[in-house]
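# Report on the structure
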Amino acid sequence: MTQIEISKYLDIPFATLNDWKQENSNRNKLYELLSNLEVDFVEKVLNKKENHRFFHILNRNIEDEKFTYEDIKKAFSKQDYHDGNIKEQTIYSKFFKEIEIDELEDFISIFTLSKRNIKNIYITSPFRTIDGIAKKWDKRFRLKHFESNTNILNKSIPSALQNILNKKSLNV
């Protein structure tokens, strides 16, 4: 790396780097190490912090076998929710329930995934029927949002009880 790149990536002032560059400086070895690093390597190391959030979310409350990069990539390489095994369906569940929709592009670029595969997995998943999850992901994938499940519930409630509930909702 050049001195400009060291300053840019590590936020070290030029004056400090110039001091470290001197052979009699006690930080000269550090400067030499930094100057011999490849830019790609430094970018990878610094970008790991961005990746950490996804692994943290997907591995939260898992004590045994944590999900790896390969597990996540393999899970989202499928086209259908039901093609995934239990482990992959757990990844889908945590993903759609806990990842923010504005993080989707970062997730796709970090794991080099297809947005179409993620959309297909979502469409075939049971998460489309969960109102809180479905509203935001339907909007993100530009899908027509299903009506709430309250109509289905109302049909299974006895008519006398439904009349009471309807009157109560009108009074509120």
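As a starting point, this report considers the structure included with it. Because the structure is a prediction, the values reported are computed rather than measured.

## Looking at the packing of aromatic side chains
Given two aromatic rings, one states the distance between the centres and the angle between the planes to describe the pair. For the coordinates displayed, the defined rule picks out 17 aromatic pairs. Both rings, one in Phe95 and one in Phe107, keep their centres 4.7 Å apart while their planes meet at 45°; by these two values the pair is tilted. Of this pair, Phe95 sits in helix 6 (residues 86-98) while Phe107 sits in helix 7 (residues 104-111); the two residues are 12 residues apart in sequence, bridging distant segments of the chain. With a relative accessible area of 0%, Phe95 lands in the buried category. Residue classification places Phe107 among the buried positions, given a relative accessible area of 0%.

## Quick look at the pattern of salt bridges
On inspection of all chains with the given rule, the structure shows eight salt bridges. Across the pair Lys78 and Glu88 runs a salt bridge, and its minimum N-O distance is 2.7 Å. Of this pair, Lys78 sits in the loop between helix 5 (69-75) and helix 6 while Glu88 is found in helix 6, placing the two residues 10 residues apart along the sequence. With relative accessibility at 3%, the residue Glu88 sits in the buried group. With a shortest N-O distance of 3.1 Å, Arg128 and Asp138 are connected by a salt bridge. Remark: Asp138 occurs in helix 9 (residues 131-140) and Arg128 occurs in the loop between helix 8 (115-124) and helix 9; sequence separation between them is 10 residues. Accessibility assignment for this pair places Arg128 and Asp138 in one class, buried. Bridged by salt links that share partners, the residues Glu65, Asp71 and Lys87 form one connected network.

The rules behind the values
Residues numbered from 1 in each chain as written. Predicted model: local features only at pLDDT ≥ 70, side-chain atom pairs only at ≥ 80, totals over all residues. Heavy atoms only, no water. Phe/Tyr/Trp six-rings, centres within 6.5 Å; stacked < 30°, edge-to-face > 60°. Helix = DSSP H or I, 4+ residues; strand = E, 2+ residues; numbered from the N terminus. Buried < 20%, exposed > 50% of the residue type's maximum accessible area, 1.4 Å probe, protein only. Salt bridge = Lys/Arg side-chain N within 4 Å of Asp/Glu carboxyl O.

Note that every value here comes from positions in space, so none of it alone points to a role or purpose.
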